[in-house]
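Listed below, chain by chain, are the residues.
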Amino acid sequence: MTQNAIEIRDLQKTYGGGRKEPAKHALKGIDLDIPAGSIFGLLGPNGAGKSTMINIMAGLVTKSSGNVKIWGFDQDSNPRQSRAAIGVMPQELNLDPFFTPRGALEVQAGLYGVPKSQRYSDEILEMVGLTDKAEAYARTLSGGMRRRLLLGKALVHRPQILVLDEPTAGVDIELRQMLWSNIRKLNNDHGTTIILTTHYLEEAEEMCDEIAIINQGTLVTRDSTANLLGQIDAKTMVIDPASPPTQLPQAQGISVERRSDGTLALSYHAQETSAEQVLEAVHAAGILIRDVKTEQADLEDVFLKLTAKP
Ligand code: ADP
Ligand code: MG
């Protein structure tokens, strides 16, 4: 079965445009399909329109034009079903300080019309590690605990699609690990489709099957993580010489950098220069190789290349 969790067509959003504020064209016609069951990353610099897109999917922001289908339900003609299929962990910490974690989950479940018999607050509290804080007021929780509670709130109606807006921005490594293992588990055990935005490119690289990059309200690219990384053919071979070299390798298409740890970094483009040619240049300089490794491009390179100003 090939089903899309999300189908977006020519989605546009313009904010404001009143007397006081200039109009802001935040989304300029986005087309995007997100396959069911995937972990999908939405990347882009600040102000690109990521939160706007996510909030439109979640029904928190009204679009200006275009079509959005959530789990096959058109947002306009089937607002209830499309809303029921998606849960959102927002970027902002928007918790009511007078609720306890258990209270917040129960209220949220009520808002989604989940009958008492189908609620599973204890299980959610356990999953996000807040069992011992179940009865504490939200205002007494640490930032990390509040964030975990926000994740819990997104899950009360067992959505098929979970959307996370910068879930790990500014959180410590331990919490990050915990959030990621929760998210992986939801994807593995329940087949939950995960859509996330993140600033941490290495995180998207590690977590996401597919990635869309948006910039200034426009979709720049959308591909598998592996293909995106393959787009960059810049490679670096790092040589650890057996003894300090008396001369540096010289060859066309290869640039050499001496690193402070005594290694030589040779950068080249795989399409123009082969690894064999790089090694030949090293030998020609009379250098004996003690060890060699290669460094691959990462998403950061792809990101910079695709969002570079012309
Ligand atoms: P991102 O999440 O990628 O950082 P946003 O979707 O938050 O981007 O914002 C996209 C653009 O829309 C930005 O220029 C932002 O200033 C603008 N914007 C976002 N929300 C509003 C709003 N409520 N009113 C006016 N402009 C907004
Ligand atoms: Mg945002």
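Everything numeric here is computed off the predicted structure, so don't read it as measured data. (Residues numbered from 1 in each chain as written. Chains lettered and ligands numbered in written order. Predicted model: local features only at pLDDT ≥ 70, side-chain atom pairs only at ≥ 80, totals over all residues. Heavy atoms only, no water.)

Engineer: Sorry if this is basic, but what is going on with the overall build of the protein chain here?
Structural biologist: Counting its regular elements, the protein chain contains ten helices and 14 strands. Each principal axis of the C-alpha atoms in the protein chain carries an extent, and together these give about 75 × 45 × 45 Å. Looking at the protein chain as a whole, 44% of its 310 residues qualify as buried. Considering only contacts within the protein chain whose residues lie at least 6 apart along the sequence, 69% involve residues at least 24 apart. Element-wise, carbon and sulfur atoms account for 48% of the exposed surface of the protein chain, whose accessible area totals about 16200 Å². Averaging the locations of the 32 positively and 39 negatively charged side chains of the protein chain gives two centres separated by 9 Å. (Helix = DSSP H or I, 4+ residues; strand = E, 2+ residues; numbered from the N terminus. Buried < 20%, exposed > 50% of the residue type's maximum accessible area, 1.4 Å probe, protein only. Contact = heavy atoms within 4.5 Å. Areas by Shrake-Rupley, 256 points an atom, 1.4 Å probe, with all protein chains shown as cover. Lys, Arg positive; Asp, Glu negative; His and termini not counted. Charge placed at Lys NZ, Arg CZ, Asp CG, Glu CD.)

Engineer: When you look at the site of ligand 1 in this model, what are you seeing that I'm missing?
Structural biologist: Surrounding ligand 1, one finds Tyr15, Lys24, Ala26, Pro45, Asn46, Gly47, Ala48, Gly49, Lys50, Ser51 and Thr52. In the model, an oxygen atom of ligand 1 is placed 2.9 Å from a nitrogen or oxygen of the glycine 49 main chain. Between ligand 1 and the protein, one listed contact pairs an oxygen atom with a backbone N or O atom of serine 51 at 2.9 Å. Elements with a minimum of two residues in the shell around ligand 1: strand 2 (24-35) and helix 1 (50-57). Residue contributions to the shell around ligand 1 peak at three residues, all from helix 1. Residues belonging to the shell around ligand 1 are distributed by class as follows: four nonpolar, five polar and two charged. (Near = heavy atom within 4 Å. Polar contact = N/O pair within 3.5 Å; in protein donor to acceptor, adjacent residues only side chain to side chain. Nonpolar A, V, L, I, M, F, W, Y, C, P; charged D, E, K, R; others polar.)

Engineer: So what exactly am I meant to see when it comes to the coordination of the magnesium ion (ligand 2) here?
Structural biologist: Four donors placed tetrahedrally around a metal ideally meet at 109.5 degrees, and six donors placed octahedrally ideally meet at 90 or 180 degrees. Listed as protein donors to the magnesium ion (ligand 2) are Ser51 (OG) and Gln91 (OE1); their distances from the metal cover 2.1 to 2.4 Å. Residue serine 51 is found in helix 1, and its partner glutamine 91 is found in the loop between strand 6 (86-89) and helix 3 (101-111); the two are separated by 40 residues along the sequence. Note on serine 51: relative accessible area 22%, which makes it partly exposed. Classification of glutamine 91 by relative accessible area gives partly exposed; the value is 31%. (Donors = N, O, S within 2.8 Å, 3.2 Å for Na, K, Ca; no water.)

Engineer: So what exactly am I meant to see when it comes to the pairing of strand 9 (residues 210-215) here?
Structural biologist: Successive side chains on a regular strand alternate, one facing one side of the sheet and the next facing the other. Where burial is concerned, most of strand 9 is hidden: six out of the six residues are buried. The side-chain alternation of strand 9 yields two buried faces, one formed by Glu210, Ala212 and Ile214 and the other by Ile211, Ile213 and Asn215. Alignment of strand 9 against strand 10 (residues 218-224), held across six bridges, turns out to be antiparallel. For isoleucine 214, the partnering residue across the bridge sits in strand 10 and is leucine 219. Counted between consecutive antiparallel strands, the loop separating strand 9 from strand 10 contains two residues, among which glutamine 216 sits at a positive phi close to 45 degrees. (Pairing = 2+ DSSP bridges.)

Engineer: Hey, could you run me through the domain arrangement of the protein chain in this one?
Structural biologist: Interface size, as often reported, equals the accessible area lost upon joining of the parts. Each assigned domain of the protein chain is listed with its residue range as follows: domain 1 (4-226) and domain 2 (231-307). Measuring from the centre of the C-alpha atoms in domain 1 to the corresponding centre in domain 2 gives 41 Å. (Domains from an automatic or database assignment.)

Engineer: Can you walk me through the sheet that holds strand 5 (residues 73-74) in this structure?
Structural biologist: Two strands in a sheet stick together by hydrogen bonds in their backbones, pointing the same way (parallel) or opposite ways (antiparallel). Pairing is antiparallel in the open sheet, where four strands are placed in the order 2-1-4-5. Edge positions in the open sheet fall to strand 2 and strand 5, since each of these has one partner strand only. As paired elements, strand 1 (residues 4-15) and strand 2 share nine bridges and run antiparallel to each other. Residue pairing in the sheet places asparagine 4 in a bridge with proline 35 of strand 2. Of the strands in this sheet, strand 1, strand 2 and strand 4 (65-70) are in contact with helix 1, which crosses strand 1 at around 120 degrees. (Axes fitted to C-alpha atoms, helices over the stretch in contact; angles between N-to-C directions.)

Engineer: For this particular structure, what's the right way to read the sheet that holds strand 14 (residues 289-295)?
Structural biologist: Taken in spatial order, the four strands line up as 12-13-11-14 in an open sheet, and their pairing is antiparallel. The sheet is open, and its two borders are formed by strand 12 (255-258) and strand 14, each paired with just one other strand. Each adjacent strand pair in this sheet contributes to an overall mean axis angle of 20 degrees, direction not counted. Two elements, strand 12 and strand 13 (residues 264-269), share four bridges in a ladder whose sense is antiparallel. Note on strand 13: the bridge partner recorded for arginine 258 is leucine 264. With respect to the sheet, helix 9 (residues 275-284) is in contact with strand 11 (234-241), strand 13 and strand 14, its orientation differing from that of strand 11 by roughly 35 degrees.

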